[in-house]
Amino acid sequence: MAATWGCRSILMFALLLSMMVSSTTAFGLRKRDDSPQNVTYDGRSLFINGRRELLFSGSIHYPRSTPDMWPDLLDKARHGGLNTIQTYVFWNLHEPEKGKFNFEGNADLIKFIKLIQERGMYLILRLGPFIQAEWNHGGLPYWLRDVPGIYFRSNNEPFKLHMKEYVMRIVQMMKDNKFFASQGGPIILAQIENEYNQIQLAYDERGIEYVNWAAQMAVETNIGVPWIMCKQKEAPDPVINSCNGRHCGDTFLGPNKPYKPRVWTENWTVQYRVYGDPVSRRSAEDIGLSMARFFSKDGSVANYYMYHGGTNFGRNAAAFKVTGYYDAAPLDEYGMTKEPKWGHLRDVHRAINLCKKALIYGTSTTQKLNEFHEIRVYEKPGTPICAAFLFNNHSTEAVTINFRGKNFYVPGHSISIIPDCKNEVLNTDNIIAQHNYRTFTRSQLANNHEWEVFSEPIPTTAEVVPGNMTAPPELFTFLKDTTDYAWYTVSFDFDPEDLLKNGTLPNLHIFSFGHGLLAFVNGEYVGSGHGTSERAQFKMLIKGINLKAGKNEISIMAYVTGLHDSGAYMEHRFAGPAEVRIDGLETKMGHIELAKRRFKWGARAGLEGEKKEIYTEKGSKKVSWEKVGEKGRVGPALSWYKTRFTTPEGREPVAIRMTGMKKGMMWVNGNGLGRHWVDYKVRGTDEPSQDVFHIPRSFLNPRDNLLVIFEEEPSNPENIQIELVSRDTVCSYVHDFFAPAVQSWNDKPGDQEGELQTSEPLSKPHASVKCPNKKKIISVDFASFGNPSGDCGSFQLGNCTFDAALTRDVVEKACLGKESCKLPVDPELFGAAPRACSALPFKTIAIQVKCSY
């Protein structure tokens, strides 16, 4: 720098910074006590106890995992460079019935927050109470729909009354446990409402009035920390408006007032899935770029949605949403690190933290080189504090950017991070972090199944309720979110003389508002139909039904796949069969309209098996089970299948593969695993939307377990399999032009603060692998230096391959029998270069190892 500093000035400046910037670990986590902390903000950042902070946050929803998983998930989040956790609070989980509260098991919000606090992490608490989140009814309890005169999320007195009561209860609970930062707790931000801008126009002035009321109500709780509203462009002061999306560094219009910081509440690590969706993917490179871009443009708080998605256990998934949630997040559904996403984002956090002083205290300048290339610099004049971000926004083409006399190679769609304006420590497109590959292996102990079956009785009108209804009742209202299922029955008299003279059998037509149904004629299953997430209503035609002379019964098992989680006027959504018609008859009209007033309908909510809880040990003894028939035989529709299995060996996560099944629900030892809908295929393929489901270890007994499956369609359970889940195939794929690992860089202390030093003499990048859970490397399955290609689990040799035997020998000597190992990407280690390699611009090492205990 041009300025010359004396020793005294440098020491004074270092002392000032040490007072202003919080002490950090390698990832910027504070060593904090439980004393009260003042949380305020300005246009640059949050202040926590007078110190500016950059917050790296990740969403982990406590009810989508189990309490025994929480410590490990939080530890992995912390080791991944996060200093903050974000979660919604789930109203319908905590108050499923008015005035009856549940904070036990995976609803134990207090325990979850205490675990966060114990790890020295912050918390962003999103109270909602509407949360969407692909959660049943968007988190709103069903009983709200029964409140007279209610309109959700509007300037409506009944809704505001119950919303305020709930918010006040949660706030008081947090205060009683001293969880707000103002009390010494971890909560540094709270959110009211959720993405209201998306529906606000539907309510006109009542929408504006509601937003203002919600903000005022929240602020008046006096929790001592700021409130936020996500995707609310005009969040009323002092509430902070925040961004949701994939690239908020460029798409966010910014805070609605200059004195509010830039907050990113949802950086979508993948996309949630509905039935029929292909597997969602978002690359580690793109997420890393989005984070670097956001913080390089004055970002202060960024949250990954989701960091761990988990599982929609039981009936918690919203309409048409799959049971697994954000499985491709940095921590997958089973809580394992998904590499390289987890490791690369850890490295990005590290690189941004190395820029922290410059980002917080520096003045920014932007040099727009052309349409695609940009240099952003943060610098504190008169000090060595400086950081630069070189941005290449071209989707594919790399560029060499000269910055302060030095050339930097920047791949397409990437940012190079230079924390001291001299040394590049990371490019978002260059992944040094290891890769891994998930495998499912059949358990040796848990698959000696002996299946038994109990079939639901198909009711008649008289058996259900007296047939005194003139039409099928609306399904949501009838179920009240106590079950997915309801029976509808109607009877009618039939004269064989009404058959068409050519002998053609009549047809059954049904129109339903959703979500699906199964139809029975005189107790015989005749077919099924369902809607989709885009269009819940559907029509079904069942040709050639057999009717008998005299009285005939139509029985319909209607079902929902959860309540809708978004949109305006949610309280006015409806579902269920609306038109039922027999046609192809020799009558005057040619058909019979069964949903008309002259026919009497019966209806009953729930299944017999549900009411007797036959998925539990006690309940399973309340019905008579029969052995499943010969191998390959398909059982009847609406059947319960029961078996026992031995607790799987080892400590790996456990899953159930539902091969051969179609649609229903699953329980292990009375714990609901969620819905399965295996025969709902991914659009344009023969692949199921989801056929493997998580069984948390905490659901298992020490030795023997009860597995019960309710299956709607005719199926056979003989191919169901219990499996162990692992990520024991670990790989590294590194080019020789990459910068050394960002972990090798640190701030220079004392009078050289703002400059970088390496913790070890690293002039080259390294390939490194580390086994999970203290396992050891037992084999090297692939090792090549040159130009190998492919992905972890499917590497292939290229036309440039250094001595293969020597390369494997070098890797095996460095790695076998160890938890981790690393090798420099150095051609001198791997023998003479083949002639085919002379034209390559760079060399690559690919390593694949197998880990085991």
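Everything below is about the structure printed above this text.
Residues numbered from 1 in each chain as written. Predicted model: local features only at pLDDT ≥ 70, side-chain atom pairs only at ≥ 80, totals over all residues. Heavy atoms only, no water.

Peer 1: How would you explain the state of the cysteines if you had to name every residue and give the values?
Peer 2: The tally for this structure, following the rule as stated, stands at 6 disulfides. Each disulfide pairs two cysteine sulfurs, and for Cys771 the partner residue is Cys851, the sulfurs being separated by 2.0 Å. Handedness of the Cys771-Cys851 disulfide follows from its S-S torsion of about -80°: it is left-handed. Here the residue Cys771 occupies a position in the loop between β40 (766-770) and β41 (776-786), and Cys851 occupies one in strand β43 (residues 844-852), the gap between them amounting to 80 residues. On the basis of relative accessible area, Cys771 is assigned to the buried category, the value being 5%. A sulfur-sulfur distance of 1.8 Å marks the disulfide that ties Cys800 to Cys837. (Disulfide = S-S within 2.5 Å. Helix = DSSP H or I, 4+ residues; strand = E, 2+ residues; numbered from the N terminus. Buried < 20%, exposed > 50% of the residue type's maximum accessible area, 1.4 Å probe, protein only.)

Peer 1: Any chance you could break down unusual backbone geometry for me, citing the residues and the numbers?
Peer 2: Most peptide bonds take the trans configuration, and most residues that are not glycine carry a negative phi. With an omega of 0°, the peptide bond between Tyr305 and Met306 qualifies as cis. With respect to the helices and strands, the residue Met306 is situated in strand β11 (residues 299-308). For Glu193, which is not a glycine, the phi torsion comes out positive at approximately 60°. With respect to the element layout, Glu193 can be found in the loop between β7 (187-192) and α6 (204-219). Backbone geometry at Asp204 places phi at a positive 50°, although glycine is not the residue there. Among the structural elements, Asp204 can be located in helix α6. For Asp204, a relative accessible area of 57% corresponds to the exposed category.

Peer 1: Describe α6, listing the residues and the values that go with them.
Peer 2: Taking 1.5 Å of rise per residue, 16 residues should cover 22 Å, and α6 covers 24 Å from first to last C-alpha, within 8% of that figure. Every buried residue of α6 is listed here: Gly207, Tyr210, Val211, Trp213, Ala214, Ala215, Met217 and Ala218. As for α6, its buried residues are in contact with α5 (157-176), β7 and β8 (227-230). (Expected span 1.5 Å × (residues − 1). Contact = heavy atoms within 4.5 Å.)

Peer 1: With reference to specific residues and values, describe the pattern of salt bridges.
Peer 2: For the structure on display, the rule yields 46 salt bridges. Between Arg282 and Asp286 there is a salt bridge whose closest N-O contact spans 2.8 Å. As far as burial versus exposure is concerned, Arg282 and Asp286 are alike and both buried. Residues joined by salt bridges that share partners form a network here, namely Asp250, Arg293, Lys297, Lys368, Glu374 and Arg376. (Salt bridge = Lys/Arg side-chain N within 4 Å of Asp/Glu carboxyl O.)

Peer 1: Let's hear about the sheet that holds strand β34 (residues 671-677): which residues, and what values?
Peer 2: Across the sheet, 6 strands lie side by side as β30-β20-β31-β36-β33-β34; this open sheet has antiparallel pairing. The open sheet has two edge strands with one neighbour each: β30 (626-627) and β34. Summarising the sheet, strand β33 (residues 663-668) and strand β36 (residues 704-711) pair through 5 bridges and their orientation is antiparallel. In the strand pairing of β36, Met666 is matched with Ile709. (Pairing = 2+ DSSP bridges.)

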